[in-house]
Amino acid sequence: MSTKIQSASSCADPFDPATISLADALARIQDRVTQVEGSERLPIRDCLDRINLAAIQSPIDVPASPNSAMDGYAISIDSLPADGVGEFSEIGTAYAGTPFNQTCGKLQCVRIMTGALLPPGTDAVIMQEQAEVTASGRVRIDSDHRVNENIRQAGEDIRTGETLLEAGARISPADLGVLASLGIGELDVVRKPVVAFFSTGDELVSIGEPLAAGKIYDSNRYSLYGMLSRLPVDIIDLGVIRDQPGAIREALVTASQQADLIITTGGVSVGEADYIKPVLEEIGDTEFWKIAIKPGRPLTLGQIDNTVFMGLPGNPVAVMVTFSQFVIPAIQILAGTTVKAPMLFKARALDKMRKRPGRYEFQRGVATLDDNNRWQVGKTGKQGSGILTSMSRANCFIVLPDENAGVDIGDEIDIQFFDWSLG
Ligand code: AMP
Ligand code: MG
């Protein structure tokens, strides 16, 4: 007879019917979270990494008129002989920004610089390297050229009316350049969501306080600060809150009055001092999940009035895993952009990895390129969910899906490079 005692399911169980899948958890987040209201009009430089509010159409053609892609000579192709070499007389120079407006006639050419408008009567630019200037200043060009050679056509880059930026686009450095090329100096972007966060735990002390026996420094607020700082959000750090229902209630109410999203870490498991659940049930509306992922199994999603609540586990690695898989999608929605699946790359395993089917695992890996420029990945030592150095030494998650039953050296597996952005 077995003497093993198990009074309830736990995160050490191989399978628990009450758990939901990663995809389910994501779907539930998408059901509950909506874009924040409000927008602001800002100079385009301040819009970098912000989310575009409404689609932008080009008011003009870019370039506005045909111009030269090279330094050389503008001619009419008709002037060239069918065979052999034509000799041209140079009648002037066209500079970028200073057009040459005289019409170019038969066997005449115009010296032209890159970006200069094409002079009237010309339809090709001959690179200066393909022309020969005689001692008397005549320009010799062979017959091997065609119409439109080295010419940038009007609207070649952007056409009038073309959509350049969709609503929900994250403004990139190139977008700033594109907007500037249209003369657009200001843009409407979605208001930054406000994210408040605090840590819970009687064992936590802040930097600067002595470490009494049994106490640890609060690290989650720092990794959270780091991850949130990469996102277009405003941050409110509410510090460490004791494991007392009153203190937790007060912190949650304060946060809900100021923020669009509240993130807490710790206190969402089933321990004696895990008060997040009862307090939230009192003041808001919540779902408590056990997700079939490792690390990061317990997670809470809820709402206090219009503020979304996400209760992450306390373990430092679980905080970063759940942030990457669930908080970033929630912020993508709040910030007005689309939820993008994380980008996965194939890599060859350099280590054996133990894994049971039935849950997703996010091990921490170091990906490098092999001699054939293919990704290979090894683990960063101990993988416990409290071992934060496994994250700081890593550059990617090794993503092992539900069905994976372990990895052998040489197996092809998926990796997700760390990217704390909205994608
Ligand atoms: P909990 O989810 O509150 O049971 O916490 C799980 C584990 O994570 C415990 O070992 C905690 O001490 C640890 N932990 C919780 N919050 C933090 C934090 N802010 N910084 C570092 N470790 C933490
Ligand atoms: Mg705790």
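Check the entry above for the structure.
What counts and what doesn't
Residues numbered from 1 in each chain as written. Chains lettered and ligands numbered in written order. Predicted model: local features only at pLDDT ≥ 70, side-chain atom pairs only at ≥ 80, totals over all residues. Heavy atoms only, no water. Helix = DSSP H or I, 4+ residues; strand = E, 2+ residues; numbered from the N terminus. Rg over C-alpha atoms; globule rule 2.2 N^0.38 Å. Buried < 20%, exposed > 50% of the residue type's maximum accessible area, 1.4 Å probe, protein only. Contact = heavy atoms within 4.5 Å. Areas by Shrake-Rupley, 256 points an atom, 1.4 Å probe, with all protein chains shown as cover. Axes fitted to C-alpha atoms, helices over the stretch in contact; angles between N-to-C directions. Parallel < 35°, antiparallel > 145°, perpendicular 65-115°, else oblique. Left-handed = near helix turned anticlockwise from the far one by under 90°. Pairing = 2+ DSSP bridges. Salt bridge = Lys/Arg side-chain N within 4 Å of Asp/Glu carboxyl O. Nonpolar A, V, L, I, M, F, W, Y, C, P; charged D, E, K, R; others polar. Polar contact = N/O pair within 3.5 Å; in protein donor to acceptor, adjacent residues only side chain to side chain.

### Quick word on the overall build of the chain
- In terms of helices and strands, the chain carries seven helices and 26 strands.
- Relative to a compact globule of 423 residues, whose C-alpha radius of gyration would be 22 Å, the chain shows 31 Å and is clearly more extended.
- Summarising its shape, the C-alpha atoms of the chain cover approximately 105 × 50 × 40 Å along the three principal directions.
- For the chain, buried positions account for 45% of its 423 residues.
- In the chain, once contacts between residues fewer than 6 apart in sequence are set aside, the share between residues at least 24 apart is 71%.
- Within the structure as shown, the chain displays about 20800 Å² of accessible surface, and the carbon and sulfur contribution to it stands at 50%.

### Some remarks on the packing of helix α4 (residues 245–258) against helix α5 (residues 276–283)
- It is at 10 Å that the axes of α4 and α5 come closest, and there the two elements cross at 50°. Regarding the angle of α4 to α5, the classification is oblique. Seen from above, α4 lies across α5 with right-handed handedness. Contact with α4, carried on its side by P245, I248, R249, L252 and V253, involves I276, V279, L280, E282 and I283 of α5 and no other residues of that element.

### Looking at the sheet that holds strand β6 (residues 108–112)
- Strand order in the open sheet made by the six strands is β7-β4-β6-β5-β9-β8, with mixed pairing throughout. At either margin of the open sheet sits one strand with a lone partner, and together these are β7 (124–127) and β8 (131–133). Mean inter-strand twist for the sheet, computed between neighbouring axes without regard to direction, equals 40°.
- Direction of pairing for strand β4 (residues 72–75) relative to β7: antiparallel, over a ladder of four bridges.

### Details of the pattern of salt bridges
- Inspection of every chain in the model, using the stated rule, returns 18 salt bridges.
- A salt bridge links R32 to D285; the nearest nitrogen and oxygen atoms lie 2.9 Å apart. Linking R32 in helix α1 (residues 22–32) with D285 in strand β18 (residues 285–290), this pair joins segments that are 253 residues apart in sequence.
- Between R140 and E132 there is a salt bridge, with its nearest N and O atoms 3.3 Å apart.
- Judged by relative accessible area, which is 45%, E132 ranks as partly exposed.

### Some words on the packing of α1 against helix α6 (residues 316–335)
- Between α1 and α6, the shortest axis-to-axis distance is 10 Å and the interhelical angle comes to 25°. Considering the angle they form, α1 stands roughly parallel to α6. Judged by the sense of rotation from one axis to the other, the crossing of α1 with α6 is right-handed. Listed contacts from α6 to L22, A25, L26, I29 and Q30 of α1 are Q325, F326, P329, A330 and I333.
- Here the contact of α1 with α6 is built from residues that sort into eight nonpolar, two polar and no charged.

### Structural notes on the environment of S68
- Of note, S68 is situated in strand β3 (residues 67–68).
- Sequence-wise, S68 and G115 are 47 residues apart; in three dimensions their C-alpha atoms are separated by 5.1 Å.
- Within the local environment of S68, its side chain forms a polar contact with the backbone oxygen of M70, the two atoms lying 2.6 Å apart.

### Some words on the pairing of strand β13 (residues 194–200)
- Across the seven residues that make up β13, a large majority, seven, are buried.
- With burial as the criterion, each face of β13 is covered, one bearing V194, A196, F198 and T200 and the other bearing V195, F197 and S199.
- Note: β13 against strand β16 (residues 234–241), six bridges, orientation parallel. By the bridge assignment, A196 is partnered in β16 with I236.

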